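# Residue-level structure breakdown
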Amino acid sequence: MSTFPEYRPRRLRRTETLRRLVRETHVTVDDLILPLFVVPGRGVRRPVGSMPGVYQTSVDELLRDAEEAAKLGVPGVLLFGLPEHKDEVGSEAWNERGPVQEALRALKREIPELLAITDVCMCEYTSHGHCGVIRDGEVQNDETLELLAKEALSHARAGADIVAPSDMMDGRVAAIRRALDDEGFTHVPILSYAAKYASAFYGPFREAAESAPQFGDRRGYQMDPPNVEEALREVWLDIEEGADIIMVKPAQAYLDVIWRVKQETGYPVCAYHVSGEYSAILAAAERGWLDGARAMREVLTAIKRAGADMIITYWAREFARR
Ligand code: PBG
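In short, a report on the structure. (Residues numbered from 1 in each chain as written. Predicted model: local features only at pLDDT ≥ 70, side-chain atom pairs only at ≥ 80, totals over all residues. Heavy atoms only, no water.)

### What about helix α7 (residues 229–241)?
End to end, α7 covers 19 Å across 13 residues, agreeing with the expected 18 Å (1.5 Å per residue, within 8%). Where α7 is concerned, the buried positions are A231, L232, E234, V235, D238 and I239. Relative to the axis of α7, the buried residues are bounded by an arc of 160° and lie together on one face. Turned more than 90 degrees off the buried face of α7, the exposed positions are R233 and E240. Where α7 is buried, its residues contact α5 (172–182), β9 (191–196), β10 (245–249) and α8 (255–265). G242, located one to two residues past α7, shows a positive phi value of around 115°. (Helix = DSSP H or I, 4+ residues; strand = E, 2+ residues; numbered from the N terminus. Expected span 1.5 Å × (residues − 1). Buried < 20%, exposed > 50% of the residue type's maximum accessible area, 1.4 Å probe, protein only. Arc of directions from axis to C-beta. Contact = heavy atoms within 4.5 Å.)

### A short note on the packing of α7 against α8
Close contact between α7 and α8 brings their axes to 10 Å; oriented N to C, the two are set at 45°. Classified by the angle between their axes, α7 and α8 sit oblique to one another. Note that α7 runs across α8; the crossing there is right-handed. Packed against α7, whose contacting residues are E229, A231, L232, V235, W236 and I239, the element α8 presents V257, R260, V261, E264 and T265 at the interface. Of the residues belonging to the contact of α7 with α8, the class tally is seven nonpolar, one polar and three charged. (Axes fitted to C-alpha atoms, helices over the stretch in contact; angles between N-to-C directions. Parallel < 35°, antiparallel > 145°, perpendicular 65-115°, else oblique. Left-handed = near helix turned anticlockwise from the far one by under 90°. Nonpolar A, V, L, I, M, F, W, Y, C, P; charged D, E, K, R; others polar.)

### As for the environment of I111
In this structure, I111 sits in the loop between α3 (99–110) and β5 (115–120). For I111, a relative accessible area of 2% corresponds to the buried category. Separated by 200 residues in the primary sequence, I111 and I311 have C-alpha atoms spaced 21 Å apart. Among residues more than four places away in sequence, those in contact with I111 are L63, A66, E67, A70 and A106.

### Some thoughts on the pairing of β5
Within β5, five of the six residues are buried, leaving the element largely enclosed by the surrounding structure. Two strands pair when backbone bridges link them, and strand β4 (residues 76–81) and β5 are joined in this way by four bridges, in the parallel orientation. Pairing of L79 across the sheet is with T118, part of β5. Here β5 runs beside strand β8 (residues 162–165); their pairing, made up of four bridges, is parallel. (Pairing = 2+ DSSP bridges.)

### Thoughts on the pattern of salt bridges
Pairs can form between side chains of opposite charge whenever their charged atoms are close. One pass over the structure, following the stated rule, counts 26 salt bridges. For D244, the salt bridge goes to R177, with nearest N and O atoms at 3.9 Å. Placement of D244 in the loop between α7 and β10 and of R177 in helix α5 is noted, with a sequence separation of 67 residues between them. Overlapping salt bridges, with partners in common, bring together R45, E61, R64, D65, E68, R317, E318, R321 and R322 in one network. (Salt bridge = Lys/Arg side-chain N within 4 Å of Asp/Glu carboxyl O.)

### Side note on the site of the ligand
The local shell around the ligand holds 18 residues, among which K196, R206, K249, S275 and Y314 are the closest. Residue Q222 places a side-chain N or O atom 2.8 Å away from an oxygen atom belonging to the ligand. Contact between the ligand and Y314: an oxygen atom at 2.5 Å from a side-chain N or O atom of the residue. Coverage of the ligand by the protein amounts to 100% of the 400 Å² it exposes when considered alone. Of the residues contributing to the shell around the ligand, the split by class is ten nonpolar, three polar and five charged. (Near = heavy atom within 4 Å. Polar contact = N/O pair within 3.5 Å; in protein donor to acceptor, adjacent residues only side chain to side chain. Areas by Shrake-Rupley, 256 points an atom, 1.4 Å probe, with all protein chains shown as cover.)

And the structure:
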């Protein structure tokens with residue numbers, strides 16, 4: 001390699017046209033998935049205080065947001081449901097008339113080309129806010145699998161294009177795959193939250209989804225942030241159980257995990273730029289401490305550069321508008 005003064009790296013940075021020619025990573029709207037929070041009722045649109053630009057909406061309002069996203073070219077939305085009632089086992093999760101199921105039917109009727117992805121988890125539906133059945137103060141793994149399978153199946157019946165289990169129970173991908181296949185949903189892919197860390201960055205989401213644990217925390221089932229070898233074991237397990245797409249979550253603080261997972265598996269990798277990562281940027285921007293739109297673009301680019309094929313981001317519509 002030639003060195004200075006023969007090689008002057010600045011030559012290729014002088015104009016935007018030159019920079020465009022040699023740019024290595026591109027984020028496009030094709031890469032983005034928009035999360036949406038659906039509540040019961042009609043005409044409901046409640047802003048989430050801790051997440052600028054994010055709302056809890058009833059199905060009719062959700063359709064408008066989804067329509068706008070589809071028009072802007074966003075390929076998919078990720079649905080989270082807030083049920084009418086919560087109970088110990090989260091039985092509203094598989095209610096055929098629940099908000100997610102109703103939203104799925106409406107989305108598939110009105111905007112069939114938009115991918116409807118559903119988050120499969122119990123924490124929005126349980127009174128204690130944990131991601132599974134509790135006994136003796138602990139989340140029971142194997143009992144929870146049956147509930148997750150029921151929930152995923154009810155989403156598939158209502159029209160889900162992809163189901164995305166986020167509970168971090170062991171064996172859930174196999175349990176869900178079996179349940180889907182048994183009812184003929186062999187074509188419905190599983191996007192597995194395979195490496196999901198017990199992160200402080202989920203704070204704002206728990207307000208949006210009203211899913212904060214009422215006691216303890218999620219460290220007994222979500223991953224310990226210092227670990228990456230373990231993330232690879234989680235990922236391989238999920239692939240062996242039938243996962244089609246692998247998720248790493250959060251994203252911005254876990255770029256090395258995204259990199260390793262992509263390099264070592266070659267599978268489609270989805271990264272979730274989570275609520276706290278999103279809101280931290282916008283809060284700093286509100287104070288005038290940084291340019292929010294530029295910071296968001298930089299972070300999304302970094303996530304792609306690390307190897308993500310797709311990114312779940314609350315910024316999806318805003319990105320597309322710009
Ligand atoms: C449900 C779930 C969570 C998120 C996605 N699915 C919260 C959690 O595990 O506590 C977080 C998303 C975000 O912070 O944007 N288990």
